[in-house]
Amino acid sequence: MKIINLIRLAIKALQRNKLRALLTMLGIIIGVASVITMMSIGEGSKQSINASLASMGSNMITIMPYSNEPGGARMMGSSLKTLTSKDIDALKAGAVDIAEISPLVNSSGQSINGANNWPTSIQGVSPEYLDIRKLVVQDGIIFSDQDVRSSAKVCLLGKTVVDNLFPNGDDPIGKIIRFGKIPFQVIGTLVPKGTSNFGQDQDDIIIAPYTTVQKRITSSIYFNQVYASATSEDASDAAVAEINTILRASHRLREGQDNDFQVRTQAELMTMMNSTSSMMTALLTAVASISLVIGGIGIMNIMYVSVTERTREIGLRMSIGARGIDILLQFLIEAVMISITGGIIGVLLGITAAIVVPSMLNWPTVISEFSIVISFLVCAITGIFFGYYPALKASKLDPIEALRYE
Amino acid sequence: MIVNKILEIHDVKREFVMGDQIVRALKGVSFDVNAGEFLTIMGSSGSGKTTLLNMLGCLDKPTEGIYMLDNVNIKDLSRDELARLRNTKIGFVFQAYNLLPRTTALENVELPLMYNPAIGAKERKDRAIAALEAVKLGDRFDHTPNQLSGGQQQRVAIARALVNEPVMILADEATGNLDTRTSYEIMSLMQDLNQNGKTIVFVTHEPDIAAFSSRTVMLKDGRVVKDTQNTKRRSASEALAGLPVSDDY
């Protein structure tokens, strides 16, 4: 029989048992829809992590104090005291793969403007910090190197701080605010960056020269962190190696002695975050694939029932000239039609879910063509694999017995 | 006149192995059927009638002996070649009609041609229409089997057997499920087909039905016990006319 006639025959057979066909498809539908939804959620979160890490500066390098001394009380990295301006000078002088460098001294406290106040944190940095962190001045200017040398009491405000200290919409530029007891003149505001991937409000900051923060607020010569940027993303690894060498020399660490600092690149962070989300995607997809297999077994089951039910029909077809291959194809195509129809419905459902999920759960999703092609192929293969044995059984029937089957 | 032999059966034996016993269903059957004959094969149950029918229909092969259908020896053919032979040379008519349910009369009649790749969609439909008109069902193309009476269903089945222009129509108790009047109608149709040159082999156990044929082969215990030309052949249409008009209709 011609393939086109076999396809018509299969459609007719499925139309005859609409509910049964739909229930049989259900496993495949759920499987395909969940594979596509899971993969688009995974892909979406991966892309949003990458985008937000890139917005923080993709060639950013972070240096933190670190202690791995065995015994004794271990302390939080940021409270350790190993990084000083001597290190900055050494790095500036020695590292060729570093484009810019800035220390960071931070402290939290209350910011006050007249009757309004707001708990926030102040970050003492050098002007290069804005470049490294991809922060942009919206209004006003950034403080100068001169301001750093003279420990000028000037600052820039993030949007959250502006909104809370100037609720009436006054222009903050030129105004004097206080951080704790120290007055600062506002010389600029920052372009909002929104919430970070870790749920942190990136606009809830005050930026001031690090010398000012060190002298007036923390009263310490140490830095909490040092931020640097490699000359390019590819130079990150070389820059890390340089930083290690220079800082070990600067800290007079002997051979075999552990580093008292820690260097992290953005690329590392990206890999780490991505591996987590890839693993989640793989796990969810594995679970969804199981439902595809269960769907396939459902098809096999119903095809066996169908073959038994239609034994007489098979006998008749054989007696009027159907060959084994005709019967085999008839049932195989029916099984593949079930799985592919289920696949199509599943793909549509999956795409719908991928579109609806972001608006309901606020998870970003990206539908990948790859996941659609793959799940469709898997469907067709499932249909052939699980439909083959029932179809083979049908084609091997003895026409004499099949005709007399009650 | 050269007589064209449709069937040549020579010393055909068929044995079945049931556990450790050998059942001999046919113990050496020989007869020929010429083109244009209307043969009935009679016999009580257990006489080997069904086994012989399966063999004639190319659904089964003899254990021993020669069966030639239209000059082709069945013995050498594969399963697929047998299917092809059934498709082009034999038209089956069954006791239980065996029409596909929920499928229109026209589609049921088209079915054998579906398995013949040489015939296109247009020719298939034309031939199915012609076959249905030949069995006087020209107005029932779109009726499904459950919308047809038993006699009408059997006529659809006969149309299905005719559509591939077979060398022989093979009927298995084709009137067994029908009342006398409808049986006579079917036999009348068979006689008309025979008149137009179709070779018919009709398996039955009713002597009444056998009287309409031109020749009767009697089987008993797997052997032919009687092979007679029917000299006093009855006309089914006359028999039909002679039936009292029943109140059932």
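Small disclaimer: the values here were computed from a predicted structure and weren't measured. (Residues numbered from 1 in each chain as written. Chains lettered and ligands numbered in written order. Predicted model: local features only at pLDDT ≥ 70, side-chain atom pairs only at ≥ 80, totals over all residues.)

1. Side note on helix α3 (residues 105-114) of chain B
α3(B) sits mainly inside the fold: nine of its ten residues count as buried. Taken as a whole, α3(B) has its buried residues at Ala105(B), Leu106(B), Asn108(B), Val109(B), Glu110(B), Leu111(B), Pro112(B), Leu113(B) and Met114(B). Tucked into the core, α3(B) has its buried residues touching α1 (3-16) of chain A together with α2 (79-89), α4 (121-134) and α5 (150-162) of chain B. (Buried ≥ 20, exposed ≤ 12 C-beta atoms within 10 Å, placed from the backbone. Helix = DSSP H or I, 4+ residues; strand = E, 2+ residues; numbered from the N terminus. Contact = placed C-beta atoms within 7 Å.)

2. A short note on the interface of chain B and chain A
Residue-level contacts link 19 residues of chain B with 17 residues of chain A. Of all the secondary structure elements, the ones that give two or more residues to the side of chain B that touches chain A are α2 and α3 of chain B. Per element, the largest residue contribution to the side of chain B that touches chain A is six residues, and it comes from α2(B). Here the side of chain B that touches chain A is composed, by residue class, of nine nonpolar, four polar and six charged. (Nonpolar A, V, L, I, M, F, W, Y, C, P; charged D, E, K, R; others polar.)

3. Let's talk about the sheet that holds strand β3 (residues 38-42) of chain B
Residue and element names in this part refer to chain B. A sheet is described by the order of its strands in space; here six strands give the open sequence β6-β7-β8-β3-β9-β10, paired in mixed fashion. Strand pairing shows two members of the sheet lacking a second neighbour, β6 (90-93) and β10 (223-229), which therefore form its edges. Going from strand to strand, the sheet's axes swing by 15° on average, the running direction of each strand aside. Of the pairings in the sheet, the one linking β6 to strand β7 (residues 168-172) comprises four bridges and is parallel in character. Across the sheet, Val93 pairs through a bridge with Ala171, a residue of β7. Each of β3, β7, β8 (199-203) and β9 (215-220) touches helix α1 (residues 49-56); the most contacted strand, β8, lies at about 150° to it. (Pairing = 2+ DSSP bridges. Axes fitted to C-alpha atoms, helices over the stretch in contact; angles between N-to-C directions.)

4. Topic: the confidence of the model for chain A
Overall, the predicted model of chain A reaches an average pLDDT of 86, with 96% of residues at or above 70. Here helix α9 (residues 266-309) of chain A stands out as the least confident element of chain A, with mean pLDDT 84; helix α10 (residues 311-319) of chain A is the most confident, with 94. (pLDDT = per-residue confidence, 0-100.)

5. Brief notes about the nonpolar core
Inside soluble globular proteins, nonpolar side chains tend to come together where they are buried. Val109(B) and Ala159(B) are the most contacted members of the largest nonpolar core, which totals 115 residues. Beyond its immediate stretch of four places on either side in the chain, Ala159(B) contacts Val109(B), Ala131(B), Leu132(B), Ala134(B), Val135(B) and Leu137(B). With 48 residues, the next largest nonpolar core counts Ile122(A), Val154(A), Cys155(A) and Phe184(A) among its residues. (Core = buried A, V, L, I, M, F, W, Y, C linked by C-beta atoms within 7 Å.)

6. Looking at the environment of Gln47(A)
Turning to its location among the elements, Gln47(A) is positioned in helix α2 (residues 18-55). With 319 residues separating them in the primary sequence, Gln47(A) and Val366(A) have C-alpha atoms 8.2 Å apart.

7. Considerations on the sheet that holds strand β1 (residues 5-18) of chain B
Residues and elements named next belong to chain B. The strand order β2-β1-β4-β5 describes an open sheet built from four strands, whose pairing is antiparallel. Lying at the two open borders of the sheet, with one neighbouring strand each, are β2 (21-34) and β5 (72-73). Sheet topology note: the β1/strand β4 (residues 64-69) ladder contains five bridges and is antiparallel. Counterpart to Leu7 in the pairing with β4 is Leu69.

8. Here's the deal with helix α12 (residues 369-395) of chain A
When the terminal C-alpha atoms of α12(A) are compared, their 37 Å separation across 27 residues agrees well with the 39 Å that a helix rising 1.5 Å per residue should span. Along α12(A), the sharpest change in direction is near 40° and occurs at Tyr388(A); proline Pro390(A) comes one to four residues later. (Expected span 1.5 Å × (residues − 1). Bend = angle between axes of the 7 residues up to and from the residue.)

9. Focus on the pairing of strand β9 (residues 225-230) of chain A
Residue and element names in this part refer to chain A. Most of β9 sits inside the fold, with six of its six residues counted as buried. Burial along β9 is two-sided: the residues Gln225, Tyr227 and Ser229 and Val226, Ala228 and Ala230 are all buried. Sheet topology note: the strand β1 (residues 60-65)/β9 ladder contains four bridges and is antiparallel. If you follow Met60 over to β9, its bridge partner there is Ser229. Where strand β2 (residues 98-113) and β9 come together, six bridges link them in antiparallel fashion. The partner of Glu100 across the bridge, within β9, is Ser229.

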